[in-house]
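The lines below spell out each chain.
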Amino acid sequence: PHYDIHFYPEEGDAVEDAARMGERWYERFARLFQHEFEQPKPIILYADHPDFQQTNTLRGSLSEGIGGVTESLKNRVIMPLTGSYADTDHVLGHELVHAFQYNLAQGRSGAGISGLTLLPLWVVEGIAEYLSVGREDALTAMWLRDAIRREDLPTLRQLSTGDYFPYRYGQALWAYIGGRYGDDSIVDLYRRSLRVGWEPALRQVLGTSSDSLSVDWREAVEAEYLPLMAGRQAPGESGALLLAPSTGAGEQNVSPSVSPDGRLVAFL
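Described in the following lines is the structure provided in the data block. Bear in mind that the values here come from a model prediction, so they are computed numbers and not experimental data.

Attention now goes to unusual backbone geometry. The phi angle at Glu151 is positive, at roughly 55°, despite the residue not being glycine. Considering the arrangement of structural elements, one finds Glu151 in the loop between α6 (138–149) and α7 (156–159). Backbone geometry at Ser255 places phi at a positive 55°, although glycine is not the residue there. For Ser255, the position within the fold is in the loop between α11 (210–229) and β5 (257–258). Note on Ser255: relative accessible area 51%, which makes it exposed.

Glancing now at the layout of surface pockets. The computed volume of the largest pocket comes to approximately 680 Å³. Looking at the lining of the largest pocket, the elements with two or more residues in it are β3 (69–70), α3 (85–106), α4 (112–117), α5 (121–133) and α8 (166–181). The biggest single contributor to the lining of the largest pocket is α3, with 6 residues. Partitioning the lining of the largest pocket into residue classes produces 12 nonpolar, 10 polar and 7 charged. By volume, the second largest pocket is sized at about 390 Å³. For the second largest pocket, the lining is made up of 16 residues, of which Arg135, Leu144, Ala175, Glu224 and Tyr225 are closest to its centre. Elements with a contribution of two residues or more to the lining of the second largest pocket: α6, α8 and α11.

The description of two packed helices rests on the angle between their axes and on the distance between the axes. Closest axis-to-axis distance for the α5/α8 pair is 7 Å, and the angle between their directions is 70°. Judged by the inter-axis angle, α5 sits roughly perpendicular to α8. Where α5 crosses over α8, the handedness of that crossing is right-handed. On the side of α5, the interface is formed by Leu121, Trp122, Val123, Glu125, Gly126, Ile127, Glu129, Tyr130 and Val133, while α8 contributes Pro166, Tyr167, Arg168, Gly170, Gln171, Leu173, Trp174, Ala175 and Gly178. Taken together, the residues of the contact of α5 with α8 sort by class into 11 nonpolar, 4 polar and 3 charged.

A few words now on α5. In this model α5 runs 18 Å from its N-terminal to its C-terminal C-alpha over 13 residues, within 8% of the 18 Å that 1.5 Å per residue would give. Counting buried residues along α5, 11 of its 13 residues qualify, which places the element largely inside the surrounding structure. Three or more residues of α5 are buried, namely Trp122, Val123, Val124, Glu125, Gly126, Ile127, Ala128, Glu129, Tyr130, Leu131 and Ser132. One or two residues past the end of α5 sits Gly134, with phi positive at roughly 105°.

The strand order across the open sheet built from 4 strands is β1-β2-β4-β3, with neighbouring strands paired in mixed fashion. Edge strands, defined here as strands with exactly one partner in the open sheet, are β1 (3–6) and β3. In terms of strand pairing, β3 meets strand β4 (residues 77–80) through 2 bridges, oriented antiparallel. Residue pairing across strands places Thr70 opposite Val77, the latter belonging to β4. Sitting on the sheet, helix α1 (residues 12–33) is in contact with β1 and β2 (41–46), with an inclination near 155° to β1.

Our focus in this paragraph is the packing of aromatic side chains. Counted under the stated rule, the structure contains 15 aromatic pairs. Between Tyr26 and Phe37, the aromatic rings sit 5.2 Å apart at their centres with planes inclined by 65°, giving edge-to-face as the arrangement. Separated by 11 residues along the polypeptide, Tyr26 in helix α1 and Phe37 in the loop between α1 and β2 bring together distant segments of the chain. Relative accessible area serves as the criterion here: at 1%, Tyr26 is assigned to the buried category. Here the aromatic rings of Trp174 and Trp198 are separated by 5.9 Å at their centres, their planes lie at 75°, and the arrangement is edge-to-face. Taken as a pair, Trp174 in helix α8 and Trp198 in helix α10 (residues 198–206) lie far apart in primary sequence, 24 residues in all. Residue Trp174 is classed as buried on the basis of its relative accessible area of 0%. Taking the relative accessible area as the measure of exposure, Trp198 reaches 9% and is therefore buried. The structure contains a cluster of three or more aromatic residues connected by ring pairs, namely Tyr3, Trp25, Tyr26, Phe29, Phe33, Phe37 and Phe100. It is Arg28 that lies over the ring of Trp25; its NZ or CZ is 4.6 Å from the centre. The aromatic ring of Phe37 is capped on one face by Lys41, whose charged end is 5.4 Å from the ring centroid.

Cut-offs and rules
- Residues numbered from 1 in each chain as written.
- Predicted model: local features only at pLDDT ≥ 70, side-chain atom pairs only at ≥ 80, totals over all residues.
- Heavy atoms only, no water.
- Helix = DSSP H or I, 4+ residues; strand = E, 2+ residues; numbered from the N terminus.
- Buried < 20%, exposed > 50% of the residue type's maximum accessible area, 1.4 Å probe, protein only.
- 1 Å grid on protein atoms, 1.4 Å probe; cavity = no way out; pocket = protein on both sides within 12 Å on 5 of 7 lines; lining within 4 Å.
- Points joined across faces, edges and corners; volume = space filled by probe spheres on them.
- Nonpolar A, V, L, I, M, F, W, Y, C, P; charged D, E, K, R; others polar.
- Axes fitted to C-alpha atoms, helices over the stretch in contact; angles between N-to-C directions.
- Parallel < 35°, antiparallel > 145°, perpendicular 65-115°, else oblique.
- Left-handed = near helix turned anticlockwise from the far one by under 90°.
- Contact = heavy atoms within 4.5 Å.
- Expected span 1.5 Å × (residues − 1).
- Pairing = 2+ DSSP bridges.
- Phe/Tyr/Trp six-rings, centres within 6.5 Å; stacked < 30°, edge-to-face > 60°.
- Lys NZ or Arg CZ within 6 Å of the ring centre and 35° of its normal.

So this is what it looks like as structure tokens:
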């Protein structure tokens, strides 16, 4: 009832299940954002990622790393069905958060898409990741442990420069805010940010500054992960480094395979 779903007949059975996922996400987000769509939103579902990459609903080409897209002006979701229902559910939930974000920005209480474009990317993408993945996520935990180990956990100001990955760090920061102040504060912050900007909204809603929040967040991450790493051996201490960027071998070497006699290793 809340979406106009476009798909090829061959994928109809899977789309029926994806439609149920979409309605389930809608009920969650409509309650959280206290907002209803004024009309059904289009969702364009492709059977797989190669088909999705060939879409003509968007300008330009799509890379393999793009899981889905939500257009701001037409407010429609374009995405493929993935290799698992769990992944499809996550991508669909993430994109539907964007649909609510855009819809709120375009509504009477919003400041238009211009207000949304002025927000740091981690604010927008981090909310979508947090609300679709949740507070406990092994991948994000790995990022946080590594950042603390290297003493490179960004502050909010550093995160807003675009030099740090907005999805993982954004999810982690919103998980902290939601856990400390409640998830309703996330919606209040987003709504207020559309009208007055991120920094003023932070002071008005949470009564704190980005610098103070950065310190509190870092202390919470250190308290969570430093005890887990105490006494652990660093990866670089567990073996001899055979290849490094300085050897001309590239910055990433993946999928190693040892030869049957154990003398050689092949990799990409």
